[in-house]
Each structure stands twice: as C-alpha cells, then as structure tokens.
Amino acid sequence: MRKSLRVVTAGTLVALLAATTAAPALAAANPVQASLDTLTAQDGVPGAAAVVQDGHRTQVTRSGVGDVATGKPFPRNGSFRAGSVTKTFVATVVLQLVAEGRVRLDAPVARYLPGLLPDERITVRQLLQHTSGLYNYTDDLDRSDPEALRHRGAEPAELVAMALKHPALFPPGTNWSYSNTNYIVAGMIVEKVTGHALAAEIAHRITRPLGLHDTYLPGRGDEKLPSPHAVGYLPFAGKLVDFSDFDATIAGAAGGLVSTPADLDRFYGALLGGRLLRPAELAEMRRTVPAPGLGIPGARYGLGLGSIPVSCGVVWGHEGGIIGFTNFAGVGPDGRRATVVLNENPTPAETNNHLLTAVDAAVCS
C-alpha cells in the first residue's frame, strides 16, 4: 500500500517548540542544551538530541520534540537513519580487507571490478578519500515528488550508471569533491572480494563484535525504522513530511545505515581506540587532505573519516544527512564521544553551522 504524506503546518510546529524548549537558566548552565535549543527555537528544527559518553558516564540532552503532531519527546536513544556516517563503516571494512591482503589501497578499482569505471586509473584509496573525480549520483535524483522516492530503492550498479552519464569532475587524484558514488563502488568491492553482502560484512566485522545491537544496513524493501524513534521530517512545500520509513537502498553503502546515538558513540570510540583496525590501517584512515567542499574552515578528510576543528582541538568523525535526519558523530581530543541528531533533513547552511556548534559543546564543554 502506498504510504500517504504526513504533514504538519508551520504554526503547529512553532507552538510545540515554544512549549518544549528548555528554560533560559537551564540552557545557560549547560552549553550542550543551549546549542540544541538554538537549533530548535531559532532554526525551527523539530527536535534534537546529543548523547555524550565520557568514560563510564553518559549524558543525554534533548530539545524540541520527536513528533510534532503529538508533542512526544525526542527519544533518549532512538533509532535514526545515520546517512553518510555509513561511509566510516564501509571504509573500516575495506581497511580490514587491506590488512588481510585481500585489497590494496593503491590498486586500481578495475582490479576488483573490471569494466565498471571508464577511467581505470581510479584507485581504492581515491574512492575512500573522495579524490576519484566521479560525479555524485545523488545530484541526479528527482526531489520534486518526495513520494516518488519513498519506495524507489536502487541496486548499486544502477546508481553507478547514473553517475557515469556525466563526465569526470577532474582527473583522479588531482582534486577533492565529495561524491556518494565513491562509496557505492567501495561497497561493491567489498561484496566482490568477500562474496558476501555488504550488510553481512558490516555485521560480521563491526556490529556483532562491538555489540551494536541497533545498527544495521537495511536491504531492498526494508523500509520501516525500528521503534523507538523520532519522526524523521522532510521540509517540503512549506510543510513537514514524515519520512521516517522509506527504502534507503537508494543511499546504500554511501548512506543507508540505521543506528542509535549510543551505538555510534561506541563505534567511533572503538575505531579510534584501535579496536577495529591495526595501527597501520588506522594511520591510513587518518591521513587527510583538505576538504574545502565541506564548507567548514580547516576541515580535512581521510578514508571515510573527517577531522573538524573545534574549540578544544579536533574532532574525528563524520556528518550524516539523509531524508528525515541530520547528525554528526565522532570523538573529541580527550576521547569524549558524542553524537548529535536532528530529526529533519535537508537543512539550511545556518542550521548545519549550529549543528557543528552543538558538536563543539558536546566534545569540549
């Protein structure tokens, strides 16, 4: 059955936010609360949550609502679509295959997927670091009718074919440009080399060993977001559309992951703590190049992992955005792990700046 659009008027949203944002005195005493309140009260994001793990202590801060129709609070640790945070998981699996001698970072993609790409100079490293020059297939998706995207889904080869209708942005290795196509291809390499589905490899190598019970890569037709979860909203035509449930295989290895804040905190802590990769491969992951396309001064990008300047140093992690949800997850300079989630996407540039302010408060305050 075709799911109808669930919409909420802007007036209802403003009234609910006015009733649920934190009192000024509380916000002043808690920089994380203040930054989340800016996102909900000033930017109009329905709801936001930050889950910070510092040693054995977990701090959960929330603002706004998880459901604008009912006023239900944002879950303390609800499921959400993690978007491009998926890339760190995929890069970790590829680097584990590098450690096993089954993949070489500087080998051409054609060694593993002959005939897939027209430029046989593109290497595995260039995929993971966004220096391949491949066109970003998501720029070709028709967003004029959200309902047309809800059940569309896609196979990886179809998404790559969309990208290859366009010429390369630049010769491989000569520039940097964020492209979801890179990680669709990387996921195809994992499947070709292992003979297993990417979702199975992520489960076998990452989520089961770490006990990430609420993290998985959905398959074709697996559209329902597990409860509890905040409603994921798509702003469209002046209204908010409930886009919690949809076929995220259209993002696949580039952004289809479902997770929770606590799981992502645990994942990034384990990754950067050396529990998932040997020192040599972790060092490769953290070898960065400038990433001016991110629009963040001083931002750099490694292999599925970004370094973002914050007031107390650098946070290592990844931003994720997919219809309905925006987030950033990572680890600060003192090992504090933080995930900040908004239940709205796409979001304007100013909101993204305020998201980074919230990340700064979470890892530095």
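Rules of the game
Residues numbered from 1 in each chain as written. Predicted model: local features only at pLDDT ≥ 70, side-chain atom pairs only at ≥ 80, totals over all residues. Heavy atoms only, no water. Helix = DSSP H or I, 4+ residues; strand = E, 2+ residues; numbered from the N terminus. Pairing = 2+ DSSP bridges. Contact = heavy atoms within 4.5 Å. Axes fitted to C-alpha atoms, helices over the stretch in contact; angles between N-to-C directions. Disulfide = S-S within 2.5 Å. Buried < 20%, exposed > 50% of the residue type's maximum accessible area, 1.4 Å probe, protein only. pLDDT = per-residue confidence, 0-100. Parallel < 35°, antiparallel > 145°, perpendicular 65-115°, else oblique. Nonpolar A, V, L, I, M, F, W, Y, C, P; charged D, E, K, R; others polar.

A. Focus on unusual backbone geometry. Cis geometry is adopted by the peptide bond preceding Pro 228, which originates at Ser 227 and carries an omega value of -5°. Looking at the element boundaries, Pro 228 is found in the loop between helix H9 (198-210) and strand E5 (233-236). In this structure, Pro 346 follows Asn 345 across a cis peptide bond, with omega equal to 5°. Positive phi, normally seen in glycine, also occurs at His 130, with a value near 60°. Structurally, His 130 is set in the loop between helix H5 (124-129) and helix H6 (146-150).

B. A look at the sheet that holds strand E2 (residues 47-54). Strand order in the open sheet made by the eight strands is E3-E2-E13-E12-E11-E10-E9-E8, with antiparallel pairing throughout. If you trace the sheet from one side to the other, it starts and ends with strand E3 (57-64) and strand E8 (289-290), each paired once. In the sheet, E2 pairs with strand E13 (residues 337-342) via six bridges, with the strands oriented antiparallel. Bridge pairing links Gln 53 to Arg 337 in E13. Contacts from helix H11 (residues 261-272) reach E2, strand E11 (313-322), strand E12 (325-331) and E13 within the one sheet, and its direction differs from that of E13 by about 145°.

C. Structural view of the environment of Val 85. You can see Val 85 is positioned in the loop between strand E4 (80-81) and helix H4 (86-99). In this view, Val 85 contacts Leu 264, Tyr 268, His 318, Glu 319, Gly 320 and Asn 327; residues no more than four positions away in its chain are not counted.

D. Here's a closer look at the state of the cysteines. According to the stated counting rule, one finds one disulfide in the structure shown. The disulfide partner of Cys 312 is Cys 364, and the gap between their sulfur atoms is 2.0 Å. Measuring handedness by torsion sign, the sulfur bridge of Cys 312 and Cys 364 sits at about -70° and is left-handed. Taken together, the residues span a long stretch of sequence, with Cys 312 in the loop between strand E10 (306-310) and E11 and Cys 364 in helix H13 (residues 349-364) at a distance of 52 residues.

E. Expanded view of the side chain of Ser 79. Mapping Ser 79 onto the fold places it in the loop between E3 and E4. Note on Ser 79: relative accessible area 8%, which makes it buried.

F. Structural context of the confidence of the model for the chain. A residue-level look at the chain finds 92% of positions with pLDDT of 70 or above and a mean pLDDT of 93. Long-range and interchain partners of residues 1-27, a stretch whose pLDDT sits below 50, account for 51 contacts in this model, where long-range means more than four residues apart.

G. Representation of the environment of Val 160 within the structure. Among the secondary structure elements, Val 160 is positioned in helix H7 (residues 156-164). Val 160 gets classed as buried once you look at its relative accessible area, which sits at 1%.

H. Expanded view of the packing of H4 against H9. The geometry of H4 relative to H9 is characterised by a closest axis approach of 10 Å and an angle of 80° between their N-to-C directions. When the axes of H4 and H9 are compared, the pair comes out roughly perpendicular. Residues Phe 89, Val 90, Thr 92, Val 93, Gln 96 and Leu 97 of H4 lie in contact with H9, whose contacting residues are Leu 198, Glu 201, Ile 202, Arg 205, Ile 206 and Thr 207. Across the contact of H4 with H9, the residue classes tally to seven nonpolar, three polar and two charged.

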